[in-house]
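Spelled out from the first residue to the last, the chains are:
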Amino acid sequence: MQNVKKVGKIFLWSLLFLIILYNLYTFASFKIFKKNLVGIGGYASLEVVSGSMEPTIQTGDFIIINQKKKDYKEGDIITFMDVNGSFVTHRIVGMTKDGYLTKGDANKSVDPGYVKKDKIAGTYAFKIHKFGYVVKAVQNPITLILVFLIGVLACVIISIDSDFSKKEMSEEEKEFFQKKEEERKKEGGQDERITTK
């Protein structure tokens, strides 16, 4: 049982650390480095905010796009920047010398205009179903603070016994702290001898 609680505590702290790290990386990418997309190793992520690609990609899905692929063909699902500066993820339905024709799977008509190659951010690689809602929630500062507080509270609860007394230390922990205390006393004694000369 103690091992399960230890694993739970490590998991919670790791999760909190990853959430904070992701938010810091996202903030730095957008605000400091002025990037349009947050990418790592040639892949970027986006939250889907419309149902134009249903049923393939649904509202609230979290998609990963491959930014390294540069040869696009008919049938590929691409993410591109439209004339309003927003990212759109639609399927290529045709190619001309002027650019690519795109269309959302759920839309009845083809998108207006052509998509130039330099406006394409990448091709759709895979999705995590409805995970976009989770990502959006943890990017909210209030939610982030709540998640952090709940995580800390959970770690505290895991660290105490059922009668709300502090858990007894294991033999290894006692030995470690005893050695540290002895080292501290030795260092303190040396300092004392130096000052009394």
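Just so we're clear, the structure is a prediction, and the values are computed from it rather than from any experiment.

## Some details on the packing of aromatic side chains
Considering all chains together, one arrives at two aromatic pairs under this definition. Ring geometry for Phe-62 versus Phe-131: centroids 5.6 Å apart, planes at 80°, classification edge-to-face. Of the two residues, Phe-62 sits in strand E3 (residues 62–66) while Phe-131 sits in helix H2 (residues 131–139), which places them 69 residues apart along the sequence. Here the aromatic rings of Tyr-72 and Tyr-100 are separated by 5.9 Å at their centres, their planes lie at 90°, and the arrangement is edge-to-face.

## Structural notes on the sheet that holds strand E4 (residues 77–81)
Here seven strands make up an open sheet; going across it, the order is E1-E2-E3-E7-E4-E5-E6 and the pairing antiparallel. Whereas interior strands pair on both sides, the edge strands pair on one side only; in this sheet they are strand E1 (39–40) and strand E6 (99–103). Taken together, the two bridges between E1 and strand E2 (residues 43–47) define a ladder with antiparallel strand orientation. In the strand pairing of E2, Ile-40 is matched with Tyr-43. Across the sheet, H2 is in contact with E2, E3 and strand E7 (120–128); its angle to E2 comes to roughly 90°.

## Comments concerning a nonpolar patch on the surface
Taken together, the side chains of Trp-13, Ile-20, Leu-24, Ile-145, Phe-148 and Leu-149 define a hydrophobic patch exposed on the protein surface, amounting to about 570 Å² of accessible area. Of all the secondary-structure elements, those providing two or more residues to the nonpolar patch are helix H1 (2–32) and helix H3 (141–158). One can find Trp-13 in helix H1.

## Brief notes about unusual backbone geometry
Across residues other than glycine, the phi torsion is negative in most instances, and most of the peptide bonds are trans. Between Glu-54 and the following residue, Pro-55, the backbone shows a cis peptide bond with an omega angle of 5°. One non-glycine residue, Lys-130, adopts positive backbone phi at about 60°. You can see Lys-130 is positioned in the loop between E7 and H2. You can call Lys-130 partly exposed: its relative accessible area is 31%.

## Observations regarding H2
Considered for burial, the residues of H2 that qualify are Gly-132, Val-135 and Val-138. Axial view of H2: buried residues confined to an arc of 130°, hence all on one face.

## Regarding the pairing of strand E5 (residues 87–96)
Direction of pairing for E4 relative to E5: antiparallel, over a ladder of five bridges. In the strand pairing of E5, Ile-77 is matched with Arg-91. Hairpin remark: E4 followed by E5, antiparallel, with five residues in the connecting loop; positive phi at Gly-85, about 85°. Pairing analysis gives five bridges linking E5 to E6, with the strands arranged antiparallel. Pairing of Thr-96 across the sheet is with Gly-99, part of E6.

## Examining the environment of Tyr-133
By the secondary structure assignment, Tyr-133 is in helix H2. Exposure remark for Tyr-133: the relative accessible area of 47% places this residue in the partly exposed category. Measuring from C-alpha to C-alpha, the distance between Tyr-133 and Val-49 comes to 9.6 Å, with 84 residues separating the pair along the chain. Those residues in contact with Tyr-133 that sit more than four places away from it in its chain are Thr-59 and Gly-60.

## Brief notes about the side chain of Thr-89
Mapped onto the secondary structure, Thr-89 falls in strand E5. Only 2.8 Å separates the side chain of Thr-89 from the side chain of Thr-79, close enough to count as a polar contact. Residues contacting Thr-89, with those up to four places away along its chain left out, are Leu-46, Ser-52, Met-53, Ile-57, Ile-63, Ile-77, Ile-78 and Thr-79.

Conventions used here
- Residues numbered from 1 in each chain as written.
- Predicted model: local features only at pLDDT ≥ 70, side-chain atom pairs only at ≥ 80, totals over all residues.
- Heavy atoms only, no water.
- Phe/Tyr/Trp six-rings, centres within 6.5 Å; stacked < 30°, edge-to-face > 60°.
- Helix = DSSP H or I, 4+ residues; strand = E, 2+ residues; numbered from the N terminus.
- Pairing = 2+ DSSP bridges.
- Contact = heavy atoms within 4.5 Å.
- Axes fitted to C-alpha atoms, helices over the stretch in contact; angles between N-to-C directions.
- Patch = residues over 30% accessible without salt bridge, like charges linked within 9 Å, V, L, I, M, F, W, Y side chains within 5 Å.
- Areas by Shrake-Rupley, 256 points an atom, 1.4 Å probe, with all protein chains shown as cover.
- Salt bridge = Lys/Arg side-chain N within 4 Å of Asp/Glu carboxyl O.
- Buried < 20%, exposed > 50% of the residue type's maximum accessible area, 1.4 Å probe, protein only.
- Arc of directions from axis to C-beta.
- Polar contact = N/O pair within 3.5 Å; in protein donor to acceptor, adjacent residues only side chain to side chain.

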